[in-house]
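Tertiary structure, described
One-letter residues, chain by chain:
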Amino acid sequence: MRLGLLGLLYSLYALQYGLWAIAHGTHDESEDGDEHLELNARQLSLDQCNFAAQWPPGPGQLFTSQEPNTELRQMLAEIDPNRIEAIITKLVSFGTRSTLSSQTDPVRGIGAARDWIASQMHGFANTSNGRMTITTPSFVQPAGSERIPNDTVITNIMATIKGSTDPNRVYLISGHYDSRVTDVLNAIDDSPGADDDASGVAISMELARILATRNPSATVILAAVAGEEQGLFGSTFMAQQLLEQGADVQGMFTNDIVGSSTADDGTKDPFNVRLFAQGIPSSESASTVATRESIGGENDSPARELGRFSAEVATNDATNMNVRVIYREDRFLRGGDHEPFLDRGFPAARFTEPHENFAHQHQDVRVVDGVQFGDLTEFVDFEFTARVGRVNLATLWSLAQAPGTPRNLTISTSVLTNNSTLTWVPGSDVVDPNLAGFEVLWRPTTEPFWSHIIPVGSVTKTTVLLSKDNVIMGVRAVGKNGFKSPAAYPFPGP
Ligand SMILES: [Zn+2]
């Protein structure tokens, strides 16, 4: 009786292992044979624990990441650490870039930095055959908040490459060109801001140089903003302007503190970059959040899907980097320029170096007990910043060349069923000539990344033989050019 039960269990094990091995393309011949009949119960239960991670079974092929194509690889190779170094060195040479510093001195202060960035961007635009336009939207932030003692002009610099087929769909990266020292109101003393955030501005500028001669399908914006340290003022203005213009911002990234691969204990971590991605959206109403929680959608906000997408397309041998998605809007006690975008319902996330050294941020330049404080150029790793630039470019280009993320995705809850019916509309304001069809993605609810793909063709409704109770499902668009959009996540529908 006991052997019979064990035999039955073994048969189930062998069947499941075989399915697992087929699914994973691995099958160890040495595992075959009668010796498995001698498997003891303890071993069996251990093995069941192992393949339990593969549960539940379901249709489709195993998920594989999109690989950069030849054109993208060529663009990634064009990112030049020497140019990154030259940009950061130049930005530091303005002495201070405090938002409260001089806006008219041609040599020192944020005004000189602003004019230099804009002139460089105009130079890139001159190579674009008119595709790239440079704007410097400006506004007065009135005195009143504790970090703005006087009315202060704040100016953003935006290099916009209009999309060739879907111009209203926008993807944007940004860095902030203002800097600070210990006292956020100190507009006089040297405030080099090499890492925070000349490094992020250097990525916007280097990508502008490379993309100026390219022709993205959707609109791409490379931005440098000010007023970050005083209260995210430049990015708030930019997000609000885009909202009021009706721009369909489907992805925004801030690069803020992306210059160093060295931790405060001196260890180096040069091949990882963190991507902070918010969970439950700050823009959602209480009732939508309640629905999201009721269906287990806390880990599938648009920002999380954007994070998954970046990890998929930018963790590879062409960037030589790992995108480490952090399930958090930002670090403790900190905020960034992605937040005004999130607050307006735009998917957004933040790139930051893997380990921060707080002696090199927001500090007066000084030596204490032989330790150098301050955000100095000597602490920046230009090769690392260039690789973060490649992560950004791989992400941005893959977004802009793919069709838009599907919209209004619902999963039918009209009747109790173990199938799942999904309905959506294409993710563009225009008929996209590149749109080839759609794919359903799924993963076990406990998995962080998509595990399976079900191609469903050129439809906007499909039923898959998979219980929505046991997995997370999404839908993404597939381009004729091979690029695929981030996934959309379904809410209950008819
Ligand atoms: Zn910063």
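The following paragraphs examine the structure supplied in this document. The structure displayed is predicted, hence computed values, not measured ones.

1. Things to note about the overall build of the protein
Broken down by element type, the protein carries 12 helices and 20 strands. Burial analysis of the protein (494 residues in total) assigns 45% to the buried set. For the protein, long-range pairs separated by at least 24 residues make up 76% of all intrachain contacts whose partners lie at least 6 apart in sequence.

2. Observations regarding the sheet that holds strand β15 (residues 420-425)
Pairing is mixed across the open sheet formed by 4 strands, whose spatial order is β18-β15-β14-β20. Two strands close off the open sheet at either side, each with one partner strand: β18 (461-464) and β20 (491-493). Geometrically, the sheet is characterised by an average inter-axis angle of 35° between neighbouring strands, direction not taken into account. Direction of pairing for strand β14 (residues 407-412) relative to β20: parallel, over a ladder of 3 bridges. Within β20, the residue paired with isoleucine 411 across the bridge is proline 492.

3. Details of the environment of alanine 263
Among the secondary structure elements, alanine 263 is positioned in the loop between β8 (248-255) and β9 (272-277). Taking the number of C-beta atoms within 10 Å as the measure of exposure, alanine 263 has 14 and is therefore partly exposed. Separated by 90 residues in the primary sequence, alanine 263 and glutamate 353 place their C-alpha atoms 9.4 Å from one another.

4. Topic: unusual backbone geometry
Cis geometry marks the peptide bond from aspartate 196 to aspartate 197; its omega dihedral reads 10°. The topology assignment puts aspartate 197 in helix α6 (residues 194-211). With a phi close to 55°, asparagine 129 is a non-glycine residue in the positive phi region. Within the secondary structure layout, asparagine 129 lies in the loop between α5 (110-125) and β2 (132-135).

5. Description of the sheet that holds β9
Spatial strand order, β2-β5-β7-β6-β8-β11-β9-β10: 8 strands in an open sheet with mixed pairing. For this open sheet the edge positions go to β2 and β10 (322-327), each flanked by a neighbour on one side alone. On average, each strand axis in the sheet is inclined to that of its neighbour by 20°, with strand direction left out of account. Across the face of the sheet, helix α12 (residues 382-401) comes into contact with β6 (166-176), β7 (218-225), β8, β9, β10 and β11 (348-352) while running at roughly 165° to β6.

Calculation rules
- Residues numbered from 1 in each chain as written.
- Predicted model: local features only at pLDDT ≥ 70, side-chain atom pairs only at ≥ 80, totals over all residues.
- Helix = DSSP H or I, 4+ residues; strand = E, 2+ residues; numbered from the N terminus.
- Buried ≥ 20, exposed ≤ 12 C-beta atoms within 10 Å, placed from the backbone.
- Contact = placed C-beta atoms within 7 Å.
- Pairing = 2+ DSSP bridges.
- Axes fitted to C-alpha atoms, helices over the stretch in contact; angles between N-to-C directions.

Take it as geometry only, folks, not as evidence of what the structure does.
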